[in-house]
Amino acid sequence: MITSSQLKAEQATRSDTVLAGDYYMQVLKAGQTLRILDLEGNQAADTLFYSANDPSERYSAMDTIREQGNVYLTTGSKLLSNDGNEMLEITADTCGRHDTLGGACATESNTVRYAIEKKCMHACRDSWLLAVAENPQYGLSKRDITHNINFFMNVPVSSDGGLSFADGISGAGKYVEMTAAMDVIVLLSNCPQLNNPCNAYNPTAVEMLIWD
């Protein structure tokens, strides 16, 4: 559901620009609101969430999809953990829907989906692995990389239950906003994918804004 925010960018307490192929890793405190802003349009933001107090509790696509009865996320969607607790709620969304099924690109999946020579291309999983390696204070490792949300990404489900990667439905200046129900670690890979139209074959920056 398309819902605009009442929050003003100039009043944000923190703002970070994340270039295509880079990662973002920060703690969002309970009650704070995070906006992911698609600066140039059709970018994909592959995102994981963990409880900051116990990272073994993390976003669960299965629990979230089951409880809301929808494979897409938008305004009003509550992001649930593997313990069934609410982690965040989407409170504003000018894109309309976000993917929970497509997963994140990896060197292995690039090889399987596209061609063997694509294996050397940078992928979201690489960004996440670099993030956990460079930020040991969060207590995460390779084994903690699980299913993610693809904000702004368009992955239609076919009538026979298959998935396809289609042109993005976002645009320059569109955003999704969510308020934390608990302290969460936000781990985002700004997708560098060049092989499918999730970002119009042109990876661009996103902006991360936080309000108290």
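Data block above holds the structure.
This write-up is about the structure you can find in this document. The structure presented is a predicted model; accordingly, all values stated were derived computationally and were not measured. (Residues numbered from 1 in each chain as written. Predicted model: local features only at pLDDT ≥ 70, side-chain atom pairs only at ≥ 80, totals over all residues. Heavy atoms only, no water.)

### A look at the state of the cysteines
Stage number 1. Inspection of every chain in the model, using the stated rule, returns zero disulfides.
Stage number 2. Cysteine 124 carries a free sulfur, and the closest cysteine sulfur to it, the one in cysteine 191, is 3.7 Å from it.
Stage number 3. Overall, the relative accessible area of 0% leaves cysteine 124 in the buried class. (Disulfide = S-S within 2.5 Å. Buried < 20%, exposed > 50% of the residue type's maximum accessible area, 1.4 Å probe, protein only.)

### Overview of the nonpolar core
Stage number 1. Core analysis: the largest hydrophobic core is formed by 29 residues, its most contacted members being Leu34, Ile36, Phe49, Leu88, Phe151 and Met178.
Stage number 2. Discounting residues that sit within four places of it in the chain, phenylalanine 151 has contacts with Ile36, Gln43, Ala44, Ala45, Thr47, Phe49, Ile90, His98, Val176 and Met178.
Stage number 3. Grouped together as the second largest cluster of nonpolar side chains are 11 residues, Leu48, Tyr50, Val132 and Leu187 included. (Core = buried A, V, L, I, M, F, W, Y, C linked by side-chain atoms within 4.5 Å. Contact = heavy atoms within 4.5 Å.)

### Digging into the pattern of salt bridges
Stage number 1. Counted under the stated rule, the structure contains eight salt bridges.
Stage number 2. Between glutamate 67 and arginine 66 there is a salt bridge, with the nearest N and O atoms lying 3.0 Å from each other. With respect to burial, glutamate 67 and arginine 66 carry one shared label: exposed.
Stage number 3. As a salt-bridge pair, lysine 78 and glutamate 86 come within 3.9 Å of each other at their nearest N and O atoms.
Stage number 4. With a relative accessible area of 37%, lysine 78 lands in the partly exposed category. (Salt bridge = Lys/Arg side-chain N within 4 Å of Asp/Glu carboxyl O.)

### Details of the pairing of strand S7 (residues 86-93)
Stage number 1. Bridge count for strand S6 (residues 78-80) against S7 is three bridges, and the pairing is antiparallel. Across the sheet, residue leucine 79 finds its bridge partner in S7, namely leucine 88.
Stage number 2. Counting the residues that bridge the hairpin from S6 to S7 gives five residues, and of these glycine 84 lies at a positive phi of roughly 80°.
Stage number 3. Bridge count between S7 and strand S10 (residues 174-180): five bridges; the pairing is antiparallel. Counterpart to glutamate 89 in the pairing with S10 is threonine 179. (Pairing = 2+ DSSP bridges. Helix = DSSP H or I, 4+ residues; strand = E, 2+ residues; numbered from the N terminus.)

### Regarding the side chain of threonine 47
Stage number 1. Looking at the secondary structure, you find threonine 47 in strand S4 (residues 45-51).
Stage number 2. Looking at threonine 47, the relative accessible area reads 0%, which means it is buried.
Stage number 3. A polar atom in the side chain of threonine 47 sits 3.2 Å from the backbone oxygen of alanine 45. (Polar contact = N/O pair within 3.5 Å; in protein donor to acceptor, adjacent residues only side chain to side chain.)

### Some words on the sheet that holds S7
Stage number 1. Taken together, the six strands give an open sheet; going across it, the order is S1-S12-S3-S10-S7-S6, and neighbouring strands pair in antiparallel fashion. Each end of this open sheet is capped by a strand with a single partner; those strands are strand S1 (14-18) and S6. Looking at each pair of strands side by side, their axes are set apart by 20° on average, direction ignored. (Axes fitted to C-alpha atoms, helices over the stretch in contact; angles between N-to-C directions.)

### A short note on helix H1 (residues 61-68)
Residue pairs spaced three or four apart in an α-helix point in one direction, given the helix's 3.6 residues per turn.
Stage number 1. Those residues of H1 lying buried are Ala61, Asp63, Thr64 and Ile65.
Stage number 2. The positive-phi residue at the C-terminal boundary of H1 is glycine 69, with phi of around 65°.

### Considerations on helix H3 (residues 124-134)
Stage number 1. When H3 is considered as a whole, its buried residues turn out to be Cys124, Ser127, Trp128, Ala131 and Val132. Along the axis of H3, the buried positions cluster into a sector of 130°, meaning they face one direction only.
Stage number 2. On its buried face, H3 is in contact with strand S2 (23-28), S4 and strand S11 (184-190). (Arc of directions from axis to C-beta.)

### Some words on the packing of aromatic side chains
Stage number 1. In total, this model carries zero aromatic pairs according to the counting rule given.
Stage number 2. Here the basic side chain of arginine 35 rests over the ring of tyrosine 175, its NZ or CZ set 4.3 Å away from the ring centre.
Stage number 3. In this arrangement the basic side chain of arginine 97 is found over the ring face of tyrosine 72, its NZ or CZ atom lying 4.1 Å from the centre. (Phe/Tyr/Trp six-rings, centres within 6.5 Å; stacked < 30°, edge-to-face > 60°. Lys NZ or Arg CZ within 6 Å of the ring centre and 35° of its normal.)

### With respect to unusual backbone geometry
Stage number 1. Unusually for a residue other than glycine, asparagine 42 sits at a positive phi of about 65°.
Stage number 2. Here asparagine 42 lies in the loop between strand S3 (33-38) and S4.
Stage number 3. Although it is not a glycine, phenylalanine 152 adopts a positive phi angle of roughly 75°.
Stage number 4. Looking at the secondary structure, you find phenylalanine 152 in the loop between strand S9 (149-151) and S10.

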